[in-house]
Amino acid sequence: MRSLPAALSLLLLLLRAPPCRLQSLSTVQLRLVGPGSRPEEGRLEVLYQGQWGTVCDDDFALQEATVACRQLGFETALTWAHSAKYGQGEGPIWLDNVRCMGTESSLDQCMSNGWGVSDCSHSEDIGVVCHPQRQRGYLSERVSNALGPQGRRLEEVRLKPILASAKRHSLVTEGAVEVKYEGHWRQVCDQDWTRNNSKVVCGMLGFPSEAPVNSLYYRKVWNLKMKDPKSRLKSLTQKNSFWIHRVSCLGTEPHMASCQVQVAPARGKLRPACPGGMHAVVNCVPGPRFRPAKAKPGRKESRAEELKVRLRSGAQVGEGRVEVLVNHQWGTVCDHGWNLISASIVCRQLGFGSAREALFGAQLGQGLGPIHLSEVRCRGSERTLSDCPSLEGSQNGCQHENDAAVRCNVPDMGFQNQVRLAGGRSPEEGVVEVQVEVNGVRRWGAVCSDHWGLTEAMVACRQLGLGFASHAIKDTWYWQGTPGAGDVVMSGMRCSGTELALQQCQRHGPVHCSHGSGRFSAGVSCTDSAPDLVMNAQLVQETAYLEDRPLSQLYCAHEENCLSQSADHMDWPYGHRRLLRFSSQIYNLGRADFRPKTGRHSWIWHQCHRHYHSIEVFTHYDLLTLNGSKVAEGHKASFCLEDTNCPTGLQKRYACANFGEQGVTVGCWDTYRHDIDCQWVDITDVGPGNYIFQVVVNPQYEVAESDFSNNMMQCRCKYDGHRVWLHNCHTGDSYRANAELSLEQEQRLRNNLI
């Protein structure tokens, strides 16, 4: 035979052709799929041209698995699994004979046969097992990356209220399920609808659980509408574009996009969607913070159980660093193995919905104290985080730079539409304007700046969705408010700091503003990040000692009110004062630099010590009896707020020399040595006994922080008249039983009013 058929010649050419390098304008998406909830292992799937497909195991080895794991955000690969160990996939087999050098940043940069060119079946689908350690810089696992059918995003879910009582409430908890699919709202068929489906829907809407609905009643209402000749519902239901045909969830998914969703009946069959069915109806149960004041919990809830987990340092409601209570001490959770399923258990336990983001790498600030948990492996059905399998955090080398955090789905209460800022230079600042009901009519107006402080400003910024307050402003003459909204409609504001909206704070009944409206209306400046100062309790405990200091060396300290009042009546310069001295080291563990409230032009010069005070009262030092009565006190002005030390690789930014800029950089610390003036408590008048030694940083909330609960440090103190011992030093909330303490309660505790 002198010539081969054309088709056979082409086949031989293809077989001789070397593997090709895939041409891709952007890195393709990968995911791991399979039974179980471990995020670091599963069947490897690739998203190409809007469709997920698998990878064949031919030629696939550890180098290829390493490239895939790195692309997925893990440090490296542990092994790979051939012959569809994680189950057979569906759809196309996108890649075959993949060969990587091991240095590629994504799988599509490796050699292969080309997209969709394969002689494999799904029984040869490859799986990979990655090391659970996340790469540095891999920040979070987001629900927004979840894709629905045909690779298209299921955008939103909402409830359409049907009952008249449900329509009257601003928070809709019961109604027909509607899904936004490809930009259009569709209703979901109730055929094969389960409580697991309801749980997923409620979680997306910010509710921790679901309750049964009166199906017979809703079916009766549906049938009446279908019989009504004036109702458009009957004609709409005959169109397949009106329906999501079928949804099947396990109940553990954080988003409906992760469920099996069938938009229309099987292809090739001209059948109507949802024949004989009606729209699915869901009844969600809101968490305690979102129930009406008169509502009672649906079931008896164990308070102790609720309090074993809390969120700290979050800019918004429902977000923060995860902390758990173990052996009566709060500690953090390591991000090794942290994923959306485990994060959702935390969110639901706290009365929120499912998690929309699981964050790694201490993105919401580093915690203190022990790291209690690591490798948390929730399946999604647990009621509390303590029900999930996990390891002790100390077992695998976790540091606080690995602290896990969450962002939860939160119900839309409509509060964000009842406040606005006007006149500012940016959307994050301006005069605060609120909407309230006056004589039965809702109107916009200003807030009186009497009693307006950082606590109230924090609530306003959170309600606006703008994070933390950086400044509470009482004088807003330079900001022009909205015309017609200048009248004061709120006065006497007293917020505890835990409210969801200014409308929930205590305030005057009839409005009474001492200076009227206009230039003295309340204003705010908001920021999405804030510093977080924390005292090194161990250093205080290790450096404390007594000194009898001659009065001749205390003139400057006396001038700055660093001695007890009895010093005024002594025969200066004869005699001495007994001082409890110690060193303090203050860390900034937040996400923004700590800066003085005022600029250098406002700093106060102190001639005696010959330095400026950037913050007049930076710390309070107190000695208390065991029942909380104050027996001695001291304070420390911030004459030099600077980066004394920073971790390796972090540059110092603030130094006091030559009238320099003052502050503490994120991750750095400022040290006040025991041998400088005013770094003490004057205990000359204190008798022997057992006491509590307390230090409070930023006690007057002059500078905004992401978490004020850790600004207080306490030690047990034993004084025998000659020597002093400090022990059991800890930050104020390390052992506290209650998960949430309002700023008002915190301040009362510090001022010994409880």
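Summarised in this report is the structure supplied together with it.

About the cut-offs
Residues numbered from 1 in each chain as written. Predicted model: local features only at pLDDT ≥ 70, side-chain atom pairs only at ≥ 80, totals over all residues. Heavy atoms only, no water. 1 Å grid on protein atoms, 1.4 Å probe; cavity = no way out; pocket = protein on both sides within 12 Å on 5 of 7 lines; lining within 4 Å. Points joined across faces, edges and corners; volume = space filled by probe spheres on them. Helix = DSSP H or I, 4+ residues; strand = E, 2+ residues; numbered from the N terminus. Nonpolar A, V, L, I, M, F, W, Y, C, P; charged D, E, K, R; others polar. Polar contact = N/O pair within 3.5 Å; in protein donor to acceptor, adjacent residues only side chain to side chain. Contact = heavy atoms within 4.5 Å. Buried < 20%, exposed > 50% of the residue type's maximum accessible area, 1.4 Å probe, protein only. Pairing = 2+ DSSP bridges. Salt bridge = Lys/Arg side-chain N within 4 Å of Asp/Glu carboxyl O. Axes fitted to C-alpha atoms, helices over the stretch in contact; angles between N-to-C directions. Disulfide = S-S within 2.5 Å.

This part covers empty space enclosed by the protein. Evaluation of the coordinates by the stated rule reveals three cavities of 30 Å³ or more. One number sums up the size of the second largest cavity: a volume of about 50 Å³. The wall of the second largest cavity is formed by Lys 199, Gly 251, Thr 252, Glu 253, Ile 341, Ser 344, Ile 345, Arg 348 and Gly 380. For the lining of the second largest cavity, the element with the most residues is helix H8 (residues 340-349), which contributes four residues. Taken together, the residues that form the lining of the second largest cavity break down as two nonpolar, four polar and three charged.

Here Asp 593 shows up in the loop between strand E34 (584-588) and strand E35 (604-606). In this structure the side chain of Asp 593 is engaged in a polar contact, spanning 2.7 Å, whose partner is the side chain of Arg 653. A polar contact is formed between the side chain of Asp 593 and the side chain of Tyr 654, at a distance of 2.8 Å. The residues touching Asp 593, leaving out its near neighbours within four places in the chain, are Pro 531, Asn 588, Arg 653, Tyr 654, Val 664, Thr 665 and Val 666.

Attention now goes to the environment of Val 406. Relative to the helices and strands, Val 406 is located in strand E24 (residues 405-408). The sequence separation of Val 406 and Ser 342 amounts to 64 residues, and the corresponding C-alpha distance is 9.7 Å. Setting aside anything within four residues of it in sequence, one finds Val 406 in contact with Leu 311, Gly 318, Glu 319, Gly 320, Val 322, Trp 338, Ala 343, Cys 347, Glu 357, Leu 359 and Leu 364.

Summarising the element assignment, Gln 262 is placed in strand E16 (residues 260-262). Linking Gln 262 and His 245, residues 17 residues apart in sequence, is a C-alpha distance of 5.6 Å. In contact with Gln 262, not counting residues within four places along its chain, are Ile 244, His 245 and Arg 246. A distance of 3.1 Å separates a polar atom in the side chain of Gln 262 from the backbone oxygen of Ala 264.

Across the ten residues of helix H2 (residues 62-71), seven count as buried, placing the element largely inside the fold. Just past H2, the residue Gly 73 takes up positive phi, approximately 100 degrees.

Here strand E30 (residues 523-527) lies mainly inside the structure; four of its five residues are buried. When strand E26 (residues 429-438) meets E30, the two strands line up antiparallel, connected through three bridges. The residue bridging Gly 430 from the neighbouring strand is Val 524, located in E30. Strand direction decides the pairing type here: strand E28 (residues 468-473) and E30, joined by five bridges, are antiparallel. Across the sheet, His 471 pairs through a bridge with Ser 525, a residue of E30.

A few words now on the pattern of salt bridges. Taken as a whole, this structure holds 31 salt bridges when the rule is applied. For the salt bridge of Arg 158 with Glu 178, the shortest nitrogen-to-oxygen distance reads 2.6 Å. Here the residue Arg 158 occupies a position in strand E10 (residues 154-160), and Glu 178 occupies one in strand E11 (residues 174-181), the gap between them amounting to 20 residues. Shared partners join several salt bridges into a network, and the residues in it are Arg 31, Arg 43 and Glu 45.

Moving on, we come to the sheet that holds strand E32 (residues 545-550). Picture the strands of a sheet paired through backbone hydrogen bonds; they go either parallel or antiparallel. Strand order across the open sheet formed by three strands is E32-E33-E40, with antiparallel pairing between neighbours. Each end of this open sheet is capped by a strand with a single partner; those strands are E32 and strand E40 (680-682). The average undirected angle you get between the axes of adjacent strands in this sheet is 35 degrees. Two elements, E32 and strand E33 (residues 576-581), share six bridges in a ladder whose sense is antiparallel.

Quick look at the state of the cysteines now. Taken as a whole and assessed by the stated rule, the structure comprises 15 disulfides. Two residues, Cys 189 and Cys 274, share a disulfide whose sulfurs are 2.0 Å apart. An S-S torsion of about 75 degrees defines the bridge between Cys 189 and Cys 274 as right-handed. Separated by 85 residues along the polypeptide, Cys 189 in the loop between strand E12 (184-188) and helix H4 (195-204) and Cys 274 in the loop between E16 and strand E17 (281-285) bring together distant segments of the chain. Note on Cys 274: relative accessible area 5%, which makes it buried. The side chain of Cys 646 participates in a disulfide bridge whose partner is Cys 668; the two sulfur atoms lie 2.0 Å from each other.

The next thing to look at is H8. Most of H8 sits inside the fold, with ten of its ten residues counted as buried. For H8, the set of buried residues is Leu 340, Ile 341, Ser 342, Ala 343, Ser 344, Ile 345, Val 346, Cys 347, Arg 348 and Gln 349. One or two positions beyond H8, positive phi appears at Gly 351, with a value near 90 degrees.

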